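These are the residues of each chain, in order.
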Amino acid sequence: MRSLIDIVDLSVEEITELIDTANDIIANPEKYCEKCRHKKLATLFFEPSTRTRLSFEAAMLELGGNVIGFSAANNSSAAKGESVSDTVRTVGCYADIIAMRHPKEGAPMIASMRSPVPIINAGDGGHNHPTQTLADLLTIQREKGRFDHLTVGLCGDLKFGRTVHSLIHALSRYEGVHFVMISPEELRVPEYMIQEMQKNGISYEETRSLEEVMPQLDILYMTRVQRERFFNEADYIRLKDSYILTLDKLETAKKDLCVMHPLPRVNEISVAVDDDPRACYFKQVSNGKYIRMALILKLLEVE
Ligand code: NCD
């Protein structure tokens with residue numbers, strides 16, 4: 001039995017297989033609509049979510065399965081002091097697979113050690129978010145046709161932004177990828193990740209200025225400043241509008257730039273950018289459902 005806690009739990013070959021399956025589901029949805037008949041997915045969300053939870057639920061429904069779960073910690077026995085281990089041992093008696101989001105880094109990993117069914121990490125604190133990365137990878141594959149030899153700009157809250165951490169880990173495994181990390185000093189990528197990148201010889205640069213690096217980017221991954229992970233509101237207010245992508249700023253960008261964002265957006269991308277053909281963030285939303293369908297099939301070992 002396998003869980004997905006970190007994106008590198010999947011090999012590069014397995015990621016290619018998942019992408020192939022997702023593309024096949026997009027092309028032939030009817031082939032898949034009974035694959036998970038009589039199977040149940042539980043979504044255990046101890047933190048707010050729109051896309052991740054609903055895309056998991058839509059994914060299971062489109063596979064012909066059913067869903068149970070809760071969407072806030074105060075709707076569960078966590079509010080009475082139950083441990084995540086006991087919660088998943090219980091839910092594992094009702095469901096065949098569990099998607100879990102938790103504010104504490106490492107909670108899904110702990111859960112996977114006690115769970116009788118596969119656990120999918122749907123976001124753990126400021127740490128990782130592997131299924132958003134799968135959605136991002138499917139989007140990059142469909143837009144760019146490759147993962148190698150790309151210059152990838154990551155902009156905004158690179159410290160607390162878990163989607164960025166998982167995306168760096170995933171793309172670091174392909175040849176010729178160069179990361180351009182654009183953030184305020186206080187929101188730089190965590191030191192442990194910088195050390196990992198240096199140790200593994202990953203090509204990167206850090207900058208404060210989005211404008212300066214715009215012309216070289218193939219992908220621009222914007223992120224929200226993660227208010228809920230700040231220790232004080234004053235710091236959040238000072239940093240929240242550090243980067244706002246507008247049509248003006250896109251003037252120097254490549255014609256085939258791919259603008260991405262895991263969403264929700266607050267202020268980081270002006271609404272006017274949505275109509276630019278380079279805006280890919282709503283494609284990411286749609287791709288997220290298909291790649292989660294592929295992942296559920298894989299972890300449930302459905303043919
Ligand atoms: C992200 C998350 O939860 O980390 N959202 C998502 O799952 N698409 C990004 C965010 O909340 O800023």
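Above this text sits the structure in question.
What counts, and where the lines are drawn
- Numbering of residues begins from 1 in every chain and follows the order in which that chain's sequence is written.
- For a predicted model such as this one, the threshold for reporting local features is a pLDDT of at least 70, and the threshold for listing and counting side-chain atom pairs is 80 or more; totals across whole chains, interfaces and linings nevertheless cover every residue.
- Calculated side-chain values reflect all of the structure's heavy atoms, with hydrogen atoms and water omitted.
- Under this scheme, a helix contributes an axis fitted over its contacting stretch, all axes are lines through C-alpha atoms, and angles between N-to-C directions fall in the 0 to 180 degree range.
- Each helix is a run of DSSP H or I of at least 4 residues and each strand a run of E of at least 2, with the numbering of both proceeding from the N terminus.
- By definition in this entry, angles of less than 35 degrees are roughly parallel, angles greater than 145 are roughly antiparallel, angles of 65 to 115 are roughly perpendicular, and the rest are oblique.
- Left-handed describes a crossing whose near helix is turned anticlockwise from the far helix through less than a right angle; right-handed describes the clockwise counterpart.
- Whether two residues are in contact is decided by their heavy atoms, any of which lying within 4.5 Å being enough.
- Any residue outside Ala, Val, Leu, Ile, Met, Phe, Trp, Tyr, Cys, Pro, Asp, Glu, Lys and Arg is labelled polar, Gly included; the first ten of those are nonpolar and the last four are charged.
- Any pair of N or O atoms that falls within 3.5 Å is considered a polar contact. Within protein, one atom must be able to donate a hydrogen and the other to accept it, and sequence-neighbouring residues count only if both atoms are side-chain atoms.
- Strand pairing is defined by DSSP finding a minimum of two bridges between the two strands.
- By definition here, a salt bridge exists when the distance from a side-chain nitrogen of Lys or Arg to a carboxyl oxygen of Asp or Glu is within 4 Å.
- The buried label applies to any residue whose accessible area, calculated with a 1.4 Å probe on protein chains only, is under 20% of its type's maximum; exposed applies above 50%, and partly exposed to all values in between.

### As for the packing of helix α5 (residues 130–144) against helix α10 (residues 281–299)
Relative orientation of the contacting elements α5 and α10 amounts to 115°, with a least axis distance of 8 Å. Taken as axis vectors, α5 and α10 run roughly perpendicular relative to one another. The crossing of α5 and α10 is right-handed. Residues Thr 131, Gln 132, Leu 134, Ala 135, Asp 136, Leu 138, Thr 139, Arg 142 and Glu 143 of α5 form the contact with α10, whose own contacting residues are Lys 283, Gln 284, Asn 287, Gly 288, Tyr 290, Ile 291, Arg 292 and Leu 295. Taken together, the residues of the contact of α5 with α10 sort by class into six nonpolar, six polar and five charged.

### Quick notes on the side chain of Glu 47
Relative to the elements of secondary structure, Glu 47 occurs in the loop between β1 (40–45) and α2 (51–62). There is a polar contact of 3.1 Å between the side chain of Glu 47 and the side chain of Arg 162. Here Arg 229 takes part through its side chain, which lies 2.9 Å from a polar atom of the side chain of Glu 47. When residues no more than four places from it in sequence are discounted, the contact partners of Glu 47 are Ser 71, Arg 101, His 102, Pro 103, Arg 162 and Arg 229.

### A word on the sheet that holds strand β8 (residues 219–222)
By definition, the strands of a sheet pair up through backbone hydrogen bonds, in either a parallel or an antiparallel sense. The five strands are arranged β7-β6-β5-β8-β9 in an open sheet whose pairing can be described as parallel. Here the strands that pair on one side only, and so sit at the sheet edges, are β7 (203–207) and β9 (258–260). The mean inter-strand angle of the sheet, taken between neighbouring strand axes irrespective of direction, is 15°. Here strand β6 (residues 178–182) pairs with β7 via five bridges, running parallel. Looking across to β7, one finds that His 178 is bridged to Ser 203. On top of the sheet, α5 reaches β8 and β9; it is set at about 165° to β9, its chief contact.

### Describing the pattern of salt bridges
Scanning the entire structure with this criterion turns up 21 salt bridges. Between Arg 188 and Glu 206 there is a salt bridge whose closest N-O contact spans 2.9 Å. Placement of the pair is Arg 188 in the loop between β6 and α7 (191–199) and Glu 206 in strand β7, with a sequence separation of 18 residues. Given the relative accessible area of 25%, Arg 188 is considered partly exposed. Residue class for Glu 206 comes out partly exposed when judged on its relative accessible area of 30%. Among the salt bridges present, the one from Arg 265 reaches Asp 274, with a minimum N-O distance of 2.7 Å. By relative accessible area, Arg 265 is classed as partly exposed at 24%.

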